[in-house]
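Architecture and fold: a report
Residues per chain, in single letters:
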Amino acid sequence: MATIPSRYLLNHIGGEWRAPESGQTRPNINPGDVSDHIGDFAESGGADVELAVEAAAAAMPAWKALGPIKRAEYLRAAERLIEERAEDFAQAITREQGKLLKEARGEVKRALAILDFTAGEGRRLKGETLPAEEPRTFAYTFRAPIGVVGLVTPWNFPLAIPMWKVAPALLAGCGAVLKPSPFTPLTAALLVEAFVDAGVPAGVLNLVQGDIAAGEALVSHPRVAGISFTGSLPVGLAIHTAGAPRLLRTQLELGGKNAVLVLADAELDKAVKATAFGAFGQSGQRCSATSRVVVDKAVKEQFLDKLVAEVAQIKVGADIGPVINEARMQACLDAIRTAQEAGAKVVAGGGRAPGNGFYVEPTVLRDVPWDSEIAQEEIFGPVLSVVDCDGFDDAMRISNSVKYGMSGTIFTQDPALIFEALERFEAGMLHVNRPGVGAYAHLPHMGAKLSQFGPPECSPQVWDFYTEWRSACVSY
């Protein structure tokens with residue numbers, strides 16, 4: 001495998017690539033080929049975070065003074081560079097995250113769409129003019145950046161998710177410190193380099209690689225005004241709890257346990273393909289992945305026959321990639337075993353797939369009790385639970401029985417049930433007669449219940465995190 005430039009192994013702070021103050025590193029291994037050692041990346045701590053936050057704070061006044069239209073020009077320049085380097089990004093994503101190359105290329109396109117949308121918002125970052133109570137008085141509102149923000153991102157979308165945090169943070173006028181997952185440091189380094197090469201001034205965007213120590217230091221730093229985090233529920237709760245005493249602003253996108261509802265009148269072929277795509281695309285490692293399919297008993301057997309046949313065509317390594325690491329692989333296998341002990345039956349997959357990586361067979365479990373552990377808790381892998389239901393009301397009850405609420409999907413030809421389901425789903429992103437995954441750059445990416453806290457990501461609503469309102473009254 002190709003050797004990467006040594007600078008990518010480092011942090012980027014105050015406009016310079018620099019080694020971690022700790023002197024420590026962490027190996028980065030290809031999950032699809034464990035013999036591929038990508039490199040030893042910086043393992044940062046509190047001292048590195050201190051330098052990065054101070055650099056961001058120092059750079060922010062001049063960056064804020066540019067205004068959103070000028071700041072958007074830097075985003076456009078970065079967009080052009082990323083488009084030119086698209087294949088480099090895709091190769092890096094596949095190598096360190098494991099998703100198929102076609103999926104990685106799709107992620108690059110999504111990141112570009114997010115950047116394109118956000119840059120366009122530079123001319124729409126507006127307030128309001130309002131009537132004044134006194135004569136000869138002009139009253140209006142405007143947005144101001146909240147300050148230095150910490151951007152803590154996961155490994156499952158190592159380009160798209162950092163992009164939907166970095167782009168609005170910079171356009172809003174904030175100084176930013178990006179702390180990506182320690183499992184995908186290379187993609188983050190490529191992203192930061194693109195913004196640096198686009199001319200973003202030194203210190204505006206800083207990169208601190210590492211794991212828990214760096215994350216905790218970022219959350220606890222008194223000059224950090226907000227933390228945008230995407231990841232697990234326990235970590236999100238810990239961030240929110242740690243920041244609460246100083247009223248730290250948080251934007252948390254957390255777990256999901258998403259259901260596809262297949263009613264008796266559904267187009268089964270369409271529902272089967274959408275379910276398989278949502279469950280096994282990107283090896284099930286996304287917050288909106290289909291991990292439950294709730295099927296009406298009247299069509300359950302027919303649906304299962306078609307689903308098992310569909311899954312049988314999925315080739316590990318060609319149609320589905322590895323999970324991120326050995327721990328995630330073992331968690332999937334343990335969940336399957338626990339489900340079987342609770343009465344579920346494996347009708348497809350169920351084990352580790354051969355290969356020099358962390359491959360799990362695409363797995364379908366039938367006769368899964370709606371309240372069993374595997375039907376309630378996030379798996380984050382290619383494991384699908386089939387749950388029986390008795391009609392629409394029962395399907396909605398089962399769908400809403402979990403603590404999460406990221407996405408909800410229904411397959412039916414009944415217009416009345418479509419709109420009733422859209423009202424009754426306890427989830428943030430809803431789909432009808434289409435896969436339950438995927439989102440547009442200009443629509444809110446958000447969940448409900450314990451899947452989300454704070455404003456949505458993407459969309460114009462994101463400014464409610466990165467900015468705060470000001471009101472002004474001018475007597476003339």
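Before reading further, recall that the structure is shown in the block above.
Residues numbered from 1 in each chain as written. Predicted model: local features only at pLDDT ≥ 70, side-chain atom pairs only at ≥ 80, totals over all residues. Heavy atoms only, no water.

**Observations concerning the sheet that holds strand β5 (residues 129-130)**
Strand order across the open sheet formed by 3 strands is β5-β6-β22, with antiparallel pairing between neighbours. Two strands close off the open sheet at either side, each with one partner strand: β5 and β22 (467-475). In terms of strand pairing, β5 meets strand β6 (residues 137-145) through 2 bridges, oriented antiparallel. In the sheet register, Leu130 faces β6, and the bridge partner there is Ala139. (Pairing = 2+ DSSP bridges. Helix = DSSP H or I, 4+ residues; strand = E, 2+ residues; numbered from the N terminus.)

**Description of the layout of surface pockets**
Picture a little ball the size of a water molecule; that probe, rolled over the atoms, points out where space is still empty. The calculated volume of the second largest pocket comes to roughly 270 Å³. Along its surface, the second largest pocket is lined by 15 residues, and Ile4, Asp88, Ala92, Leu186 and Leu190 are the ones closest to its centre. Contributions of two or more residues to the lining of the second largest pocket are made by α3 (86-97) and α6 (185-197). The biggest single contributor to the lining of the second largest pocket is α3, with 5 residues. A class-by-class count of the residues in the lining of the second largest pocket yields 9 nonpolar, 2 polar and 4 charged. (1 Å grid on protein atoms, 1.4 Å probe; cavity = no way out; pocket = protein on both sides within 12 Å on 5 of 7 lines; lining within 4 Å. Points joined across faces, edges and corners; volume = space filled by probe spheres on them. Nonpolar A, V, L, I, M, F, W, Y, C, P; charged D, E, K, R; others polar.)

**Here we look at a nonpolar patch on the surface**
A cluster of nonpolar side chains, Phe138, Val474 and Tyr476, forms an exposed patch at the surface whose accessible area comes to about 310 Å². Along the polypeptide, Phe138 turns up in strand β6. (Patch = residues over 30% accessible without salt bridge, like charges linked within 9 Å, V, L, I, M, F, W, Y side chains within 5 Å. Areas by Shrake-Rupley, 256 points an atom, 1.4 Å probe, with all protein chains shown as cover. Salt bridge = Lys/Arg side-chain N within 4 Å of Asp/Glu carboxyl O.)

**Focus on the state of the cysteines**
Using the criterion set out here, one finds 0 disulfides in the structure. Here Cys174 stays unpaired: no disulfide links it, and the sulfur of Cys458, its closest cysteine neighbor, is 16 Å away. (Disulfide = S-S within 2.5 Å.)

**A look at the nonpolar core**
One finds Val149, Met163, Leu170, Leu178, Leu191, Phe195 and Tyr466 to be the most contacted residues of the largest nonpolar core, which totals 62 residues. In terms of residue count, the dominant contributor to this core is helix α5 (residues 160-172) (10 residues). Those residues in contact with Leu170, other than ones at most four positions away along the chain, are Trp63, Arg71, Leu75, Ala176, Phe195, Val200, Val204 and Leu205. Counting 30 residues, the second largest nonpolar core, distinct from the first, contains Val368, Ala375, Phe392 and Ile398. (Core = buried A, V, L, I, M, F, W, Y, C linked by side-chain atoms within 4.5 Å. Buried < 20%, exposed > 50% of the residue type's maximum accessible area, 1.4 Å probe, protein only. Contact = heavy atoms within 4.5 Å.)

**Side note on the sheet that holds strand β13 (residues 290-296)**
Taken in spatial order, the 7 strands of this open sheet run β14-β15-β16-β13-β12-β18-β19, and their pairing is mixed. Both outer strands of the open sheet, β14 (345-348) and β19 (429-432), are each paired with one neighbouring strand and no more. Across this sheet, the average inter-strand angle for adjacent strands is 25°, counted without regard to direction. (Axes fitted to C-alpha atoms, helices over the stretch in contact; angles between N-to-C directions.)

**Topic: unusual backbone geometry**
Non-glycine residue Ser283 carries a positive phi angle of around 55°. Mapped onto the fold, Ser283 is located in the loop between α9 (268-280) and β13. Given the relative accessible area of 2%, Ser283 is considered buried. Phi is positive for Phe380, close to 60°, though the residue is something other than glycine.

**Here's the deal with helix α14 (residues 415-424)**
Every buried residue belonging to α14 is among Leu417, Ile418 and Ala421, and all of these are buried. Down the axis, α14 shows its buried residues gathered within 105° of arc, on one side only. Summarising the geometry of α14, the exposed residues directed more than 90 degrees from the buried face are Pro415, Ala416, Phe419 and Glu423. On its buried side, α14 packs onto α13 (392-399), β18 (407-411) and β19. You can read the cap of α14 off the contacts: a side-chain oxygen lies 2.9 Å from the backbone nitrogen of Ala416, and it is on Asp414. (Arc of directions from axis to C-beta. Polar contact = N/O pair within 3.5 Å; in protein donor to acceptor, adjacent residues only side chain to side chain.)

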